[in-house]
Amino acid sequence: WFGFSRLSMPIEDTRSLTVELPPAADTESRRGDTNRHFGDVFSAYRSVRDLDLAGVRLVSDVLMSAAAQARPYRLLDVGTGTGRYLELVSQHLSSTLAADICPMGLDRSPAMVGQARRLNGCAYPAASHLVGAVETLPFRAASCDAITSFNAVHHFDLARFVSEASRVLTPSGFLVLYTRTAEQNRDTIWGRYFPEFAARETRLHPVSAFRRALDATRAFTSVRVQSIPWRVTTSLSRLVEQVAAYHYSTFRFYSPSGLQTALDTFQTRVRDVFSDCSRITFDNDHLLVVAQQAASV
């Protein structure tokens with residue numbers, strides 16, 4: 001279902017949805033490090049990151065009925081990076097429903113937003129990609145029908161983001177988060193065989209944190225959490241390439257020499273466990289959090 005046509009329907013000018021806000025101050029040093037990380041990797045990001053097409057389909061299915069009713073359907077993807085998930089969800093909704101989709105991507109990294117504009121600008125001339133912080137979303141109240149986030153929420157101040165999402169969402173709007181828990185992270189090939197990978201990655205939110213943050217807003221009447229299985233087949237050479245390109249920001253928590261030592265150990269462990277290192281299959285399960293705003297807020 002990825003043979004999509006260009007989004008050609010007229011959509012509203014997204015400038016009417018946004019407001020000018022001062023940039024949010026980063027209070028944690030790791031956030032500053034993460035910003036620099038994405039400034040370094042933006043040009044290679046799409047080529048080194050894996051893409052969960054089943055996850056795209058699941059999120060699209062969640063939004064399907066609501067998107068069929070709204071004209072236009074204003075979809076905001078936060079922590080959008082180079083915009084690849086926003087691109088695919090928008091395409092799926094547009095081609096399946098012939099719906100009028102207004103795709104908007106927001107990221108705090110100017111380099112990633114610039115890459116998103118370059119990669120998606122021709123196929124999606126109506127899409128907009130903005131630089132901004134999720135803790136102070138530069139959008140008017142009740143201006144978005146859905147907010148999504150793929151593999152980014154661990155970079156956010158969760159309570160502040162969810163509060164902002166409830167403000168920006170329309171009545172009955174959806175907040176859909178695709179992420180990973182610490183337990184799932186430990187079960188990946190990185191958590192199992194890359195030294196200290198799971199221990200160094202302390203930013204992942206537990207399910208209880210999502211429920212607590214959503215409940216605190218008193219705005220979401222429906223919350224569903226489910227595990228999403230994902231089996232990845234790859235090669236050791238591809239895994240080494242991904243580490244060298246820092247495809248996970250977790251690798252920034254190692255010194256250069258420490259990362260190389262850990263990578264050497266990782267390769268030894270993988271060769272000991274997998275008989276065919278040209279075809280390695282492992283679990284890369286994720287979490288899907290779906291929250292729906294009350295019909296009237």
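The model shown is predicted, which means the values in this text are computed figures rather than measured ones.

### Some remarks on helix α4 (residues 84-97)
1) Next: Between its first and last C-alpha, α4 extends 20 Å over 14 residues, near the 20 Å set by a 1.5 Å rise per residue.
2) Next: The buried fraction of α4 is high, at eleven of 14 residues.
3) Next: Looking only at α4, the buried set comprises Arg84, Tyr85, Leu86, Glu87, Leu88, Val89, Ser90, Gln91, His92, Leu93 and Ser94.

### Some details on helix α10 (residues 207-217)
Within an α-helix, residues lying three or four positions from one another point in the same direction, as the helix has 3.6 residues per turn.
1) Next: Here α10 has its buried residues at Ala209, Phe210, Ala213 and Leu214. Take α10 and look down its axis: the buried residues cluster within an arc of 125°, on one side only. Exposed and facing more than 90 degrees away from the buried side of α10 are Arg212, Asp215 and Ala216.
2) Next: Where α10 is buried, its residues touch α6 (158-168), β5 (169-179), β6 (220-228) and β9 (286-293).
3) Next: Count one or two residues on from α10 and you reach Arg218, which has phi positive near 55°.

### Let's talk about the environment of Ser90
1) Next: Along the chain, Ser90 turns up in helix α4.
2) Next: Residue class for Ser90 comes out buried when judged on its relative accessible area of 1%.
3) Next: Each C-alpha atom, one on Ser90 and one on Asp100, is 9.6 Å from the other, the two residues being ten residues apart in sequence.

### Some details on the environment of Arg180
1) Next: One can find Arg180 in the loop between β5 and α7 (182-186).
2) Next: Apart from residues lying up to four places away in sequence, Arg180 is in contact with Asn185, Thr188, Leu204, Tyr248, Asn284, Asp285, His286 and Leu287.
3) Next: Within the structure, Arg180 has its side chain in polar contact with the side chain of Asn284 (distance 2.4 Å).

### Some details on the packing of helix α3 (residues 53-69) against α4
1) Next: Where α3 meets α4, the axes come as close as 9 Å, and the angle between the chain directions of the two elements is 50°. Taken together, the axes of α3 and α4 are oblique relative to one another. As α3 packs across α4, the resulting crossing turns out to be right-handed. Contacts between α3 and α4 involve Leu53, Val56, Val59, Ser60, Asp61, Leu63, Met64, Ala67 and Ala68 from the first element and Tyr85, Leu88, Val89, His92, Leu93, Thr96 and Leu97 from the second.
2) Next: In terms of residue class, the contact of α3 with α4 is built from twelve nonpolar, three polar and one charged.

### Section: the pairing of strand β1 (residues 73-78)
It is a general feature of regular strands that their side chains alternate between the two faces of the sheet.
1) Next: β1 sits mainly inside the fold: six of its six residues count as buried.
2) Next: Side-chain alternation along β1 places Tyr73, Leu75 and Asp77 on one buried face and Arg74, Leu76 and Val78 on a second face that is also buried.
3) Next: Sheet topology places β1 next to strand β2 (residues 101-107); six bridges connect them, and they run parallel. Paired with Leu76 across the strands is Met104, a residue of β2.
4) Next: Bridge analysis of β1 against strand β4 (residues 144-150) gives three bridges, and the strand direction is parallel. Each bridged residue has a counterpart across the sheet, and for Leu76 the counterpart in β4 is Ile147.

### A word on unusual backbone geometry
1) Next: A positive phi angle, near 55°, is found at Ala142, a position not held by glycine.
2) Next: With respect to the helices, strands and loops of the structure, Ala142 is situated in the loop between β3 (128-131) and β4.
3) Next: Look at Glu196: it is not a glycine, yet its phi comes out positive at around 65°.
4) Next: Checked against the element boundaries, Glu196 lands in the loop between α8 (189-193) and α9 (197-200).

### Remarks on the packing of aromatic side chains
1) Next: In total, this model carries 17 aromatic pairs according to the counting rule given.
2) Next: Note on Tyr85 and Phe150: the rings are 4.2 Å apart at their centroids and 5° apart in plane angle, and the pair reads as stacked. Placement of Tyr85 in helix α4 and of Phe150 in strand β4 is noted, with a sequence separation of 65 residues between them.
3) Next: The buried category is assigned to Tyr85, whose relative accessible area is 5%.
4) Next: Measuring from ring centre to ring centre gives 5.0 Å for Trp190 and Phe266, while their planes differ by 15°; the resulting arrangement is stacked. Of this pair, Trp190 sits in helix α8 while Phe266 sits in helix α12 (residues 256-273); the two residues are 76 residues apart in sequence, bridging distant segments of the chain.

Thresholds, definitions, all that
Residues numbered from 1 in each chain as written. Predicted model: local features only at pLDDT ≥ 70, side-chain atom pairs only at ≥ 80, totals over all residues. Heavy atoms only, no water. Helix = DSSP H or I, 4+ residues; strand = E, 2+ residues; numbered from the N terminus. Expected span 1.5 Å × (residues − 1). Buried < 20%, exposed > 50% of the residue type's maximum accessible area, 1.4 Å probe, protein only. Arc of directions from axis to C-beta. Contact = heavy atoms within 4.5 Å. Polar contact = N/O pair within 3.5 Å; in protein donor to acceptor, adjacent residues only side chain to side chain. Axes fitted to C-alpha atoms, helices over the stretch in contact; angles between N-to-C directions. Parallel < 35°, antiparallel > 145°, perpendicular 65-115°, else oblique. Left-handed = near helix turned anticlockwise from the far one by under 90°. Nonpolar A, V, L, I, M, F, W, Y, C, P; charged D, E, K, R; others polar. Pairing = 2+ DSSP bridges. Phe/Tyr/Trp six-rings, centres within 6.5 Å; stacked < 30°, edge-to-face > 60°.

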